Amino acid sequence: MNSSITIVSAFYDIGRGDWTSDKGFSPHLERTTDTYIEYFKNLATLDNEMVIFTSSDLKPKIEAARAGKRTTVIAFDIADKFTGTRNKIRSIQTSDRFRSRLEQRQLINPEYWATDYVLVCNLKSFFVTKAIELQLVNNDMVAWVDFGYCRTPSVTRGLTHWSYPFDKEKVNMFTVKRGLRTKNLDQVFDYMIGNRSFIIGGAIVATKEKWKALFKLVVHCQNITLKNHVIDDDQGIFIMCHHLRPDLIKLNYLGKNRWFNLFRLYGKRDWATVLLKGKVLLRGK
């Protein structure tokens, strides 16, 4: 059974390099474009087919990181296409009506003030669906993986090719806490406003057909959220998706607060390659 996975991702410079502590930002938020490129180089070691969306100025750097591997890098202008959505997000973020609902400690989190951060986080299913529509995906299984998900080489756990027999009847999402229960939309909004993390935004795996269903659901949830004068990044939207369509979504547990266990728990190691590398090392001694 072919369990190969096409990886789709995207990267845009939203100004995180300027989120410095001397400007009043929390130190953990600062990440330059070069930092993200270095993170991506760890993911880029996988020989899986990849489709990456980015701005035209960053396209050459991403292509260089994937040199020799099956990759399509697409220059795509999100600012032009999503101007209206961006304005709606910004309007809510700056409104007293929304900000008064937040705890003071939450005001430092970018989902509550960084417009472009929220926009990009909420475009993940759009990018995957776009790659499928452009016929750039040659496998039935498709994964969104965040461009900077692999912050160290150890995250890929030595895999050369990522494959796993994920449930093809579901959209496979990943959790860092057990016991997600939502009785109504008010509780979902409480999770969003309280920044309660259950489903990670860093990875999703599904067939091409299930991705189309997820995209429609995500857009529906985004519209509900905006109409209720609330905004959140992808994690809150995915909680709403699960609330409305638990039949569509399968929650795969990564471990308590184990955000980066994807390839450790849901990756099949290519043992032939591992053994070959071991023989080469032994001969080199």
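Structure first, text after, so check above.
Here's what I pulled together on the structure shown here. Everything quoted here is computed from the prediction, not taken from an experiment. Residue numbering note: each chain is counted from 1, following its sequence as written. Side-chain atom pairs in this predicted model are given and counted only at pLDDT of 80 or more, local residue features only at pLDDT of at least 70, and totals for whole chains, interfaces and linings cover all residues. Only hydrogens and water are removed before side-chain values are computed, so all heavy atoms of the structure are retained for them.

1. Digging into the side chain of Thr-129
Condition: Comment: elements are numbered from the N terminus, with helices defined as DSSP H or I runs of at least four residues and strands as E runs of at least two. Whether two residues touch is decided by their heavy atoms; if any such pair falls within 4.5 Å, the residues are in contact.
Turning to its location among the elements, Thr-129 is positioned in helix α7 (residues 124-133). Residues contacting Thr-129, with those up to four places away along its chain left out, are Trp-211 and Phe-215.

2. Comments concerning the layout of surface pockets
Definition in use: Residues are called lining when one of their atoms sits within 4 Å of a cavity or pocket point, these points coming from a 1 Å grid over the protein atoms alone, where a cavity is a set in which a 1.4 Å probe fits but cannot get out and a pocket is an open set with protein on both sides within 12 Å along at least five of seven lines. Grid points are joined across faces, edges and corners, and a volume is the space filled by probe spheres set on the points. By the convention adopted, Pro, Cys, Tyr, Trp, Phe, Met, Ile, Leu, Val and Ala count as nonpolar, Lys, Arg, Asp and Glu as charged, and the other residues, Gly among them, as polar.
Approximately 1000 Å³ is the volume attributed to the largest pocket. In terms of lining residues, the largest pocket is bounded by 38 residues, among which Arg-16, Arg-31, Tyr-117, Asp-146 and Arg-151 are the most central. Broken down by secondary-structure element, the contributors of at least two residues to the lining of the largest pocket are β1 (5-11), α1 (33-43), α6 (115-121) and α10 (234-244). As a volume, the second largest pocket reaches approximately 350 Å³. Thr-85, Asn-122, Gln-222, Asn-223 and Leu-226 are, among the 20 residues lining the second largest pocket, the residues nearest its centre. At the level of secondary structure, the elements contributing two or more residues to the lining of the second largest pocket comprise α4 (83-93), α6, α7 and α9 (208-227). Ranked by residue count, the leading element in the lining of the second largest pocket is α9, at 6 residues. Here the lining of the second largest pocket is composed, by residue class, of 12 nonpolar, 6 polar and 2 charged.

3. Topic: the side chain of Ser-9
This is how the line gets drawn: Any residue under 20% of the maximum accessible area for its type is buried, any over 50% is exposed, and the rest in between are partly exposed; the area is computed with a 1.4 Å probe on protein chains only. Identification of polar contacts relies on pairs of N or O atoms within 3.5 Å, with a donor-acceptor requirement for protein atoms, meaning one able to donate a hydrogen and the other able to accept it, and with residues adjacent in sequence counted only if both atoms are side-chain atoms.
Examined against the element boundaries, Ser-9 turns out to sit in strand β1. Classification of Ser-9 as buried rests on a relative accessible area of 0%. Within the structure, Ser-9 has its side chain in polar contact with the backbone oxygen of Val-145 (distance 2.7 Å). Beyond its immediate stretch of four places on either side in the chain, Ser-9 contacts Val-51, Ile-52, Phe-53, Trp-144, Val-145, Asp-146 and Phe-147.

4. A short note on α9
Residues three or four positions apart in an α-helix share a direction because the helix packs 3.6 residues into each turn. Where we set the bar: Given a helix with a known number of residues, its expected span is that number minus one, times 1.5 Å. The arc in question is the one traced by the directions running from the helix axis out to the C-beta atoms.
Between its terminal C-alpha atoms α9 stretches 29 Å, which fits the 28 Å expected from 20 residues at 1.5 Å a residue. Among the residues of α9, Trp-211, Leu-214, Leu-217, Val-218, Cys-221, Gln-222, Ile-224 and Thr-225 are the ones counted as buried. Within α9, the buried residues cover an arc of 155° as seen down the axis, which keeps them to one side. For α9, exposure combined with an orientation more than 90 degrees from the buried face picks out Glu-209, Lys-216 and Lys-227. In the stretch just after α9, His-229 is the one whose phi turns positive, near 60°.

5. Focus on unusual backbone geometry
Despite not being glycine, Gln-135 has its phi angle at roughly 60°, a positive value. Within the chain, Asn-195 stands out as a residue other than glycine whose phi angle is a positive 55°. Topologically, Asn-195 is positioned in the loop between α8 (185-193) and β6 (203-207).

6. Some thoughts on the packing of aromatic side chains
Each aromatic ring pair is characterised by the separation of its centres together with the angle its planes make. In plain terms, the rule: Any Phe, Tyr or Trp ring, taking Trp's six-membered ring, that has another such ring centre within 6.5 Å forms a pair; planes under 30 degrees apart are called stacked, those over 60 apart edge-to-face, and the others tilted. Comment: the charge-over-ring label is applied if NZ (Lys) or CZ (Arg) is within 6 Å of the ring centre and within 35 degrees of the ring normal.
Summed over the entire model, instances satisfying the criterion amount to 27 aromatic pairs. Ring geometry for Phe-126 and Phe-215: centres 6.4 Å apart, planes at 50°, overall tilted. You can see Phe-126 sitting in helix α7 and its partner Phe-215 sitting in helix α9, a full 89 residues away along the chain. The class for Phe-215 is partly exposed, based on a relative accessible area of 24%. Ring centres 6.0 Å apart and planes at 80° place the aromatic pair Phe-166 and Phe-174 in the edge-to-face group. The exposure class assigned to Phe-166 is buried, which follows from its relative accessible area of 6%. Here the basic side chain of Lys-81 rests over the ring of Phe-82, its NZ or CZ set 5.8 Å away from the ring centre. Looking at Arg-178, its charged tip hangs above the ring of Tyr-253, at a distance of 3.7 Å from the centre.

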